[in-house]
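# Tertiary structure, described
Residues per chain are reported as follows:
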Amino acid sequence: MLMVPGFPGRVVHGLDGVWDFAFLGDTPDPAQTDLVGLAFGDRMAVPGCFDATPAYAGRRGTAAYRTTVSVTPGIRGLLRCGGLGMWARVFVDGVPLGVIDLPYSGFTLPVPAAAHREREVLVLVDNRFDANRVPLMEPFFDFYCYGGIYRSVEWHELPSGPVIDGVEVAVADLAAGTVRLRVRLLAPWPERVDLDVTIDGVPVRELRNAAPDKEGHVDCTATVPDPTPWSPARPVLHTCSVRCGTDRVTERFGLRTVGVRDGLVTINGTAVKLLGYCRHEAHPQFGPALPLQQLVQDLQILRDLGCNFVRGSHYPQDPRFLNLCDEAGILVFEESLGWGQKPEHFSRSGFHDAQLRQTRAMVRNSFNHPCVVLWGFLNEGASHTPESRTLYADLAAEIRALDRSRLVTYASMHPFDDRNFDLADVISVNTYPGWYAQDRNTPAPCDEIVPRLTAIRQHLDRHGFADKPLLISEIGAGAIYGWHDPLEAHWTEEYQERYLDIVCRHVCENPRLAGVALWQFCDCRTYAGAMALTRPRAFNNKGTLDEYRRPKLAYRTVKRHFGNVPPEPC
Ligand code: ADA
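Model, not experiment: these values are computed from the prediction.

## Observations concerning the packing of helix H1 (residues 292-304) against helix H2 (residues 319-328)
- Relative orientation of the contacting elements H1 and H2 amounts to 35°, with a least axis distance of 10 Å. Like other packed secondary-structure pairs, H1 and H2 cross with a definite hand, here right-handed. Along its contact with H1, which presents Leu-292, Leu-295, Val-296, Leu-299, Leu-302 and Arg-303, the element H2 presents Arg-320, Phe-321, Leu-324, Cys-325 and Ala-328.
- The residue inventory of the contact of H1 with H2, partitioned by class, reads nine nonpolar, no polar and two charged.

Okay, here's the thing in C-alpha cells:
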C-alpha cells in the first residue's frame, strides 16, 4: 500500500513503537500536570490504547507517554498524528505545543527548531469524560471510549521555504479528465510561490509567482494524462505530486462523480445500490487502534459478504482503512463524532464549535479518498427538535463550503418528525423494528420489519422527499455468538439470521431504497455499567461477526443476498 499522502521532499521519522508510559490516575486537571519528576515505570505501544491492555482495563485518568527522536539540529519540525482519544496535551522538550480535544481526528502541530539533536516528545492523554474538556464524547455512547494514541505518529523535518499543508484534488470534468487542485500552504507562507504539478509521473502544470489567497490556498486546474474513472467495479487510482520550493507532497485520487437520480445514489452517473454495514473500529484487544492486519481482514470479510458500502460509525476513520477502501472500491459514509446528542448539548458552549472543527478536519483529511461518497454528522442527534436546526444547518453548510463533490447526510432516528431532512442530499434513517419492538407482546416481532420500512418510505414520499435517496443507515438484531435455542428467541443466532434475511431481501428488492448499512459489522465493547443489562457481556452484540470476526449464522444469509447483486459497471 502506497503511503498516502507521501512527503518525498522531507525527512520523516516514524515515531510508532514502544513509548515510556506512566498512568497518573485521577489528576485534578490534566492541563496543569507537572512534568517535572514524572516517573515512567511502564511501557506502552503507539499506536495503542492503554485501557485495552489488562493492566489498565477500566481505568480512567491521565496517562503520560514519552519518546525521543533524533533529528537534524536547527530544522523546524511538524508532528503529525492520525488521531487519538479522548483528550491530549502535546509537549516537545517540555514546551507545550497544543491541546487536542477532537477524538479520532488527524492533526498536525508545528515544532520550533532547536540546536540539539535529541528531542523529547511527551503526550499527556486523558480518557475521562468531561464535557468542557472533550465536548464531543459522552459516557452514554453505546461504544467504549478508550484512551490512547490510536493512530500513527510522525515527526517531519520541514524545509526552510514554503511548506505544503495538503493538496486537495477534485474532479472538474470527468469526461475530459480534468481536476481542480487546491494546494494548502502552512502559515506563514510567502507572498508568491512556484508550484510544479505532476500526475502519474507526467508534468502537467507549472505555476510561477502564484499568490496564495488569504487562507494560504493556491488553486489551479490540471488534466490527467491518461484518465481512467474510479468505480466500485474498477477502482483505478491516479497519483498527483505537487512541488513547492523543496517541499513535495504526493496524493492519490480517483476520478469519479457522485450524484443522485430517481432516489438512488449514482457514481459516474450510474445508479449503485449501497449494500453494506456500519462498522466500528473495534477489537477487544486493541480498542480502536486496529493493527493493519485487522483492517485488511475486515476488508476481506466485507468483500466476501458482497458489500460495496460501509458506514464508518460514528467518527472520522483511520486513513489506512480509507486507503484500503479506495483500493477495493468500497464506498464509504464517513461521519464526525456524535451519538444521540440532545437539545441541551446543542446549546452547550464548546459543543457547536467542536462539531464544526471536527467535521471540517474530517473533510480536509479525507478529501482525496474517492471511496468517501457521503459526509455525515451527529448520529441519532435530536434532529426532531427546533434546537437542532442551527447546528445541523451549520454543519451541512460547512461541508458544502469545503466540498461540493459529495453528498451530505446524517443518520436520523426520527423519520416521522425530523426537522432537518431538507438539509440532506440523502435521507438516512436508523430503525430497529422487530428488535426494539413496537409491541413487546407480539409473538412474531420480525413481522414488524417490512411494515415499518414501508411506513417510513411512504411518510417521506408524502412529505416532499420522494426524490431524495432513502438509506437505511442502521437496522439489526443482537445475537450472542454460539447461542442457539429451539425457540429462536432474541439473542439467538437463528433470530438474527431470520431478521437480516427479511431486511436484506426487502432492501434488495425495493427500488425506492437507496441502500442499507446493517447494524453492525462485528460486535463491539460498550458500557459496562447498568446499561449492560441490555448489552449482554457489555458488548453490543448486533454484529454479523463477533468481536474476533467469527461469523454468526447470519453471515451466510447476508452473503447470499448481497452476493447476488451484480456490481454496477460505472
Ligand atoms: C443506535 C446507535 C448505534 C447503536 C444501536 C443499537 O441506532 O446509532 O450506535 O447503539 O442504536 O445497537 O441499539
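So much for the structure itself; the text now carries on.
## Observations concerning the packing of aromatic side chains
- Per the stated rule, a full pass over the model turns up 27 aromatic pairs.
- Between Phe-21 and Phe-50 the ring centres are 5.6 Å apart and the planes differ by 40°, which places this aromatic pair in the tilted class. Of this pair, Phe-21 sits in strand S2 (residues 17-25) while Phe-50 sits in the loop between strand S4 (48-49) and strand S5 (62-70), and the two are 29 residues apart along the sequence. Phe-50 shares its class with Phe-21; the two are buried.
- Seen from their ring centres, Phe-21 and Tyr-65 are 5.1 Å apart, and the 80° between their planes marks the pair as edge-to-face.

## Examining the environment of Thr-108
- By the element assignment, Thr-108 lies in strand S9 (residues 107-111).
- Judged by relative accessible area, which is 29%, Thr-108 ranks as partly exposed.
- Expressed as a C-alpha distance, the spacing of Thr-108 and Gly-83, which sit 25 residues apart in the sequence, is 9.9 Å.
- Sequence-distant contacts of Thr-108, that is, excluding residues within four places in its chain, are made with Leu-78, Leu-79, Arg-80 and Asp-165.

## Details of the site of the ligand
- In the vicinity of the ligand lie 13 residues, with Asp-142, Glu-380, Tyr-436, Glu-474 and Lys-542 positioned nearest.
- The contact in question runs from an oxygen atom of the ligand to an N or O atom on the side chain of Asn-379, over 2.9 Å.
- Asn-540 places a side-chain nitrogen or oxygen 2.8 Å from an oxygen atom of the ligand.
- Relative to its free-state accessible area of 320 Å², the ligand is covered by the protein chains to the extent of 96%.
- Looking at the shell around the ligand, its residues break down into four nonpolar, four polar and five charged.

## Topic: the domain arrangement of the chain
- Per the domain assignment, the segments of the chain are domain 1 (11-157), domain 2 (164-255) and domain 3 (259-480 + 488-520 + 553-563).
- Once you take the C-alpha centre of each, domain 1 and domain 3 turn out to be 31 Å apart.
- Counting from both sides, the interface comprises 22 residues of domain 1 and, opposite them, 29 residues of domain 3.
- Taking both sides of the interface into account, the surface hidden between domain 1 and domain 3 amounts to around 2,100 Å²; carbon and sulfur atoms contribute 63%.
- Where domain 1 touches domain 3, the interface holds three salt bridges.
- Note that Arg-357 and Asp-101 form a salt bridge whose closest N and O atoms lie 2.8 Å from each other.
- The interface formed by domain 1 and domain 3 holds eight residue pairs in polar contact (both at pLDDT 80 or more) in total.

## Let's talk about the pattern of salt bridges
- Taken as a whole, this structure holds 40 salt bridges when the rule is applied.
- Between Glu-168 and Arg-364 there is a salt bridge, with the nearest N and O atoms lying 4.0 Å from each other. With Glu-168 in strand S13 (residues 164-173) and Arg-364 in helix H4 (residues 351-366), the pair connects residues that are 196 residues apart, well separated along the chain.
- Through salt bridges with shared partners, one network takes in Asp-26, Asp-126, Arg-128, Asp-130 and Arg-133.

## Here we look at the sheet that holds strand S8 (residues 95-100)
- Across the sheet, which stays open at both edges, the six strands sit in the order S3-S2-S5-S10-S7-S8 with antiparallel pairing between neighbours. Of all strands in the sheet, those with a lone pairing partner are strand S3 (42-46) and S8, marking the two edges. In this sheet, adjacent strand axes meet at a mean angle of 30° when their direction is disregarded.
- Strand direction decides the pairing type here: S2 and S3, joined by five bridges, are antiparallel.

## Let's talk about unusual backbone geometry
- In this model, Val-46 is joined to Pro-47 through a cis peptide bond whose omega is 0°.
- When you line up the elements, Pro-47 lands in the loop between S3 and S4.
- Going from Trp-519 to Gln-520, the amide bond is cis rather than trans, its omega being 0°.
- The phi dihedral of Glu-380 falls on the positive side, at around 50°, and the residue is not glycine.
- In this structure, Glu-380 sits in the loop between strand S26 (372-376) and helix H5 (389-402).
- Looking at Glu-380, the relative accessible area reads 13%, which means it is buried.
- For Arg-537, which is not glycine, the phi dihedral falls at a positive 70°.
- Its place among the elements puts Arg-537 in the loop between strand S32 (524-525) and strand S33 (539-540).
- Taking the relative accessible area as the measure of exposure, Arg-537 reaches 39% and is therefore partly exposed.

## A look at H2
- Summarising burial for H2: seven of the 10 residues are buried, a large majority.
- When H2 is considered as a whole, its buried residues turn out to be Phe-321, Leu-322, Asn-323, Leu-324, Cys-325, Asp-326 and Ala-328.
- Immediately beyond the C-terminal end of H2, within one or two residues, lies Gly-329, with a positive phi of roughly 75°.

How each quantity is defined
- Residues numbered from 1 in each chain as written.
- Predicted model: local features only at pLDDT ≥ 70, side-chain atom pairs only at ≥ 80, totals over all residues.
- Heavy atoms only, no water.
- Axes fitted to C-alpha atoms, helices over the stretch in contact; angles between N-to-C directions.
- Helix = DSSP H or I, 4+ residues; strand = E, 2+ residues; numbered from the N terminus.
- Left-handed = near helix turned anticlockwise from the far one by under 90°.
- Contact = heavy atoms within 4.5 Å.
- Nonpolar A, V, L, I, M, F, W, Y, C, P; charged D, E, K, R; others polar.
- Phe/Tyr/Trp six-rings, centres within 6.5 Å; stacked < 30°, edge-to-face > 60°.
- Buried < 20%, exposed > 50% of the residue type's maximum accessible area, 1.4 Å probe, protein only.
- Near = heavy atom within 4 Å.
- Polar contact = N/O pair within 3.5 Å; in protein donor to acceptor, adjacent residues only side chain to side chain.
- Areas by Shrake-Rupley, 256 points an atom, 1.4 Å probe, with all protein chains shown as cover.
- Domains from an automatic or database assignment.
- Buried area = accessible area lost by both parts, 1.4 Å probe.
- Salt bridge = Lys/Arg side-chain N within 4 Å of Asp/Glu carboxyl O.
- Pairing = 2+ DSSP bridges.

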